[in-house]
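Single-letter residue listing:
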Amino acid sequence: MFNQLQKEIIKLKKEKNAIILAHNYQTADIQEIADFIGDSLELCVKAAEIKESDLVVFCGVDFMAETAAILNPDKKIVIPDREAECPMAHMLPAEYLKQAKEKYPQAAVVLYVNTLAEAKAEADILCTSSNAVAVVKSLKENLILFGPDMNLAWYVSQQVDKEIIPIPEGGHCYVHKMFHEGDLYILREKYPDAEVLVHPECDPEVQKAADQVLSTGGMIRYVANSPRETFIIGTEVDMTTRLRRENPDKNIIPLLSEAICENMKLHTLEKVKNSLINEEFVVKVDAEIARRARKAVEKMLEVS
Ligand code: SF4
């Protein structure tokens, strides 16, 4: 059952011919009124497919909304709270990337989609946590500059026969840095039949202690198709909201209830309503930067 505010948003959405895209880390009330919920890759693909809507309300962080704008230059993309920025994306300014490219001219540049448009414009190809290994394998170069998440860089380096240079040193997601393998062992003792799924943004020790290392989209598919009943989930805590809703017969336990991305949570139903009424805050990307960034995004979509 929708609450009054959710009903108003659904009505406004119809009147404005709008679509609401929400990342898996959004709160339950926003997930409920979204037309589509997904991980970074799924939202990128969805953004590229949008044909029929005049207005896209993007409930995610800045780099995701920018990607939607890059792929849909003729659409109006709005974000309910303009302060919703991903700190990891801001760890790799384009200037730093340019210097790294000068230092390693023979390297291919693979950037996680969690980067700002200016950095994307400097990349050869983008990747997400679900396709990073396939993207790196698809390249002819054996030397790869990879940023900004050093843990995802480590995850990829374990599965390819190439040299991966993480840029910048120490790039990370503060939410996934909260997990420690000690917490994982404690929960394993409490739930001996559980399977432990963690995100590749977690530290290598946590990845090694888990049963599966998966993107959020990968977790959705894995839990839906597994005969197991209990899962311990090592990523942002609202991932368990979606998993519980879609798998009511399964026991979904967060690895850490405090693993909250405060940046994602800046969006609220009230702000979603305002963004529909006022058609703000519009996400704009410089046309030349968008053109270059689009090439890197489209190259990734060809691999996915
Ligand atoms: S969970 Fe981490 S990577 Fe994702 S938006 Fe939040 S800070 Fe950025």
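Residues numbered from 1 in each chain as written. Predicted model: local features only at pLDDT ≥ 70, side-chain atom pairs only at ≥ 80, totals over all residues. Heavy atoms only, no water.

Draft legend 1. Quick look at empty space enclosed by the protein. Scanning the entire structure with this criterion turns up 1 cavity of 30 Å³ or more. One number sums up the size of the largest cavity: a volume of about 290 Å³. As for the largest cavity, its lining consists of 29 residues, and the residues nearest its centre are Y25, M64, N114, E201 and M264. (1 Å grid on protein atoms, 1.4 Å probe; cavity = no way out; pocket = protein on both sides within 12 Å on 5 of 7 lines; lining within 4 Å. Points joined across faces, edges and corners; volume = space filled by probe spheres on them.)

Draft legend 2. Expanded view of the site of the ligand. Around the ligand, the structure places Y25, V61, C86, P87, M88, N114, C173, Y174, V175, E201, C261 and M264. Looking at the shell around the ligand residue by residue, the classes come out as 10 nonpolar, 1 polar and 1 charged. (Near = heavy atom within 4 Å. Nonpolar A, V, L, I, M, F, W, Y, C, P; charged D, E, K, R; others polar.)

Draft legend 3. Representation of the domain arrangement of the protein chain in the model. Each assigned domain of the protein chain is listed with its residue range as follows: domain 1 (4-85 + 264-285), domain 2 (89-172) and domain 3 (176-254). The C-alpha-based centres of domain 2 and domain 3 are spaced at 26 Å. Taken together, the contacts link 10 residues of domain 2 with 11 residues of domain 3. For the pair domain 2 and domain 3, the two sides together bury roughly 870 Å², of which 60% comes from carbon and sulfur. (Domains from an automatic or database assignment. Contact = heavy atoms within 4.5 Å. Buried area = accessible area lost by both parts, 1.4 Å probe.)

Draft legend 4. Looking closely at the sheet that holds strand 12 (residues 251-254). Pairing is parallel in the open sheet, where 4 strands are placed in the order 10-9-11-12. At either end of the open sheet lies a strand with only one pairing partner, and these are strand 10 (212-213) and strand 12. Across 4 bridges, the pairing between strand 11 (residues 230-234) and strand 12 is parallel. The residue bridging I233 from the neighbouring strand is P254, located in strand 12. The strands touched by helix 9 (residues 181-190) are strand 9 (195-198), strand 11 and strand 12; relative to strand 9, the strand with the most contacts, the crossing angle is about 155°. The strands that helix 11 (residues 216-225) touches are strand 9, strand 10, strand 11 and strand 12; relative to strand 9, the one it contacts most, it runs at about 160°. (Pairing = 2+ DSSP bridges. Helix = DSSP H or I, 4+ residues; strand = E, 2+ residues; numbered from the N terminus. Axes fitted to C-alpha atoms, helices over the stretch in contact; angles between N-to-C directions.)

Draft legend 5. Region of the structure containing the packing of helix 1 (residues 4-15) against helix 13 (residues 269-278). Following both chains from N to C, one finds helix 1 and helix 13 inclined at 25°, their axes separated by 10 Å at the closest point. The orientation of helix 1 with respect to helix 13, classified from their angle, is roughly parallel. In this structure, the crossing between helix 1 and helix 13 has a hand that is left-handed. Touching L5, Q6, E8, I9, L12 and K13 of helix 1 are L269, E270, V272, K273, L276 and I277, all from helix 13. When its residues are assigned to classes, the contact of helix 1 with helix 13 shows 7 nonpolar, 1 polar and 4 charged. (Parallel < 35°, antiparallel > 145°, perpendicular 65-115°, else oblique. Left-handed = near helix turned anticlockwise from the far one by under 90°.)

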